[in-house]
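# Commentary on secondary and tertiary structure
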Amino acid sequence: MGRWLLVVLALLPGLGLADERVKICYGYGCLVQADVRYSDGQLGDVRRLLFAAVDAAEERKMLALAIGRLYAWAGEQSDIRNDRGGNYADGGIPGKMDCIDHSTSTTRLLGLLAERGYLRWHRVREIEARNFAWLIPSHWSAVIEEKKDGEAPRFVVDSWFVDNGQPAVILPLDEWKKGAGPDV
């Protein structure tokens, strides 16, 4: 009996702990995908960060930090550590990301957080594009929406603007569609 108890106690720390894997795009147009692993400890850090929020506005602030951290951890496992904000600061380095890479990967990260119940005031929506030249989509971003009755405000979660590991830029979707951004 004592030996079985020791076996069960030895296994307890691993019960309920599950790493998560997410495919992160890079190489422009999702040409390459890295299989990135997030430990339960890392996800616990993100959970605590997001659960510190007391309302939707605070959750967006914490979410910007959380997405930055998730990308930083992904950079420890892939070439995306080299990614710089925008499309022109990267040069020919491996790991460069365009807005398609960012919008796809950020939506996947947001989906992971939603599946784990970490988003209490927002839900993940489809990727949105903004158009400038002849109505051709020129920039894409991940999107979240507040969980509320009636017309719920939507926001972009745009990690393309920043260097790898920095907090994502979160803006109202309507402003972003008109060209808003940190360097505009």
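Residues numbered from 1 in each chain as written. Predicted model: local features only at pLDDT ≥ 70, side-chain atom pairs only at ≥ 80, totals over all residues. Heavy atoms only, no water.

## Digging into the pattern of salt bridges
Under the defined criterion, the tally for this structure stands at 11 salt bridges. Two residues, aspartate 40 and arginine 116, come together in a salt bridge whose shortest N-O distance is 3.7 Å. With aspartate 40 in helix H2 (residues 40-51) and arginine 116 in the loop between helix H4 (99-115) and strand S3 (122-133), this pair connects stretches of sequence that are 76 residues apart. In this structure, the salt-bridge partner of aspartate 79 is arginine 81, at a minimum N-O distance of 3.5 Å. (Salt bridge = Lys/Arg side-chain N within 4 Å of Asp/Glu carboxyl O. Helix = DSSP H or I, 4+ residues; strand = E, 2+ residues; numbered from the N terminus.)

## Quick notes on the pairing of strand S2 (residues 32-38)
Looking at chain direction, strand S1 (residues 20-26) and S2 are connected through 7 bridges and run antiparallel. The partner of arginine 21 across the bridge, within S2, is arginine 37. With antiparallel pairing between neighbouring strands as the criterion, S1 and S2 make up a hairpin whose turn holds 5 residues, including glycine 27 at a positive phi of roughly 90°. (Pairing = 2+ DSSP bridges.)

## Focus: the side chain of serine 103
Inspection of the secondary structure assignment puts serine 103 in helix H4. The exposure class of serine 103 is buried, given its relative accessible area of 3%. A polar contact is formed between the side chain of serine 103 and the backbone oxygen of isoleucine 100, at a distance of 3.2 Å. (Buried < 20%, exposed > 50% of the residue type's maximum accessible area, 1.4 Å probe, protein only. Polar contact = N/O pair within 3.5 Å; in protein donor to acceptor, adjacent residues only side chain to side chain.)

## Overview of the packing of H2 against helix H3 (residues 56-75)
Running from N to C, H2 and H3 cross one another at 165°; their axes reach a closest spacing of 9 Å. Taken together, the axis directions place H2 and H3 in an arrangement best described as roughly antiparallel. Note that H2 runs across H3; the crossing there is right-handed. Residues Gln42, Leu43, Asp45, Val46, Leu49 and Leu50 of H2 touch H3, and the partners they reach there are Glu59, Met62, Leu63, Leu65, Ala66, Arg69, Leu70 and Trp73. Considering only residue class, the contact of H2 with H3 consists of 10 nonpolar, 1 polar and 3 charged. (Axes fitted to C-alpha atoms, helices over the stretch in contact; angles between N-to-C directions. Parallel < 35°, antiparallel > 145°, perpendicular 65-115°, else oblique. Left-handed = near helix turned anticlockwise from the far one by under 90°. Contact = heavy atoms within 4.5 Å. Nonpolar A, V, L, I, M, F, W, Y, C, P; charged D, E, K, R; others polar.)

## Digging into the state of the cysteines
Enumeration according to the criterion identifies 1 disulfide in this entry. Paired through a disulfide, cysteine 25 and cysteine 30 show a sulfur-sulfur distance of 1.7 Å. Residue cysteine 25 shares its accessibility class with cysteine 30, and that shared class is buried. (Disulfide = S-S within 2.5 Å.)

## Topic: the packing of H3 against H4
In contact at an axis separation of 11 Å, H3 and H4 are set at 110° when each is read in the N-to-C sense. Taken together, the axis directions place H3 and H4 in an arrangement best described as roughly perpendicular. Contact residues: H3 offers Leu63, Ile67, Leu70 and Tyr71, while H4 offers His102, Ser105, Thr106, Leu109, Leu110 and Leu113. Classifying every residue of the contact of H3 with H4 by side-chain character gives 7 nonpolar, 3 polar and no charged.

## Points about the packing of aromatic side chains
Using the criterion set out here, one finds 2 aromatic pairs in the structure. Each ring, one from phenylalanine 51 and one from tyrosine 118, has its centre 6.3 Å from the other, and the planes form 80°; the classification is edge-to-face. Separated by 67 residues along the polypeptide, phenylalanine 51 in helix H2 and tyrosine 118 in the loop between H4 and S3 bring together distant segments of the chain. A relative accessible area of 30% means that phenylalanine 51 is categorised as partly exposed. Here the aromatic rings of tryptophan 160 and phenylalanine 161 are separated by 5.2 Å at their centres, their planes lie at 65°, and the arrangement is edge-to-face. (Phe/Tyr/Trp six-rings, centres within 6.5 Å; stacked < 30°, edge-to-face > 60°.)

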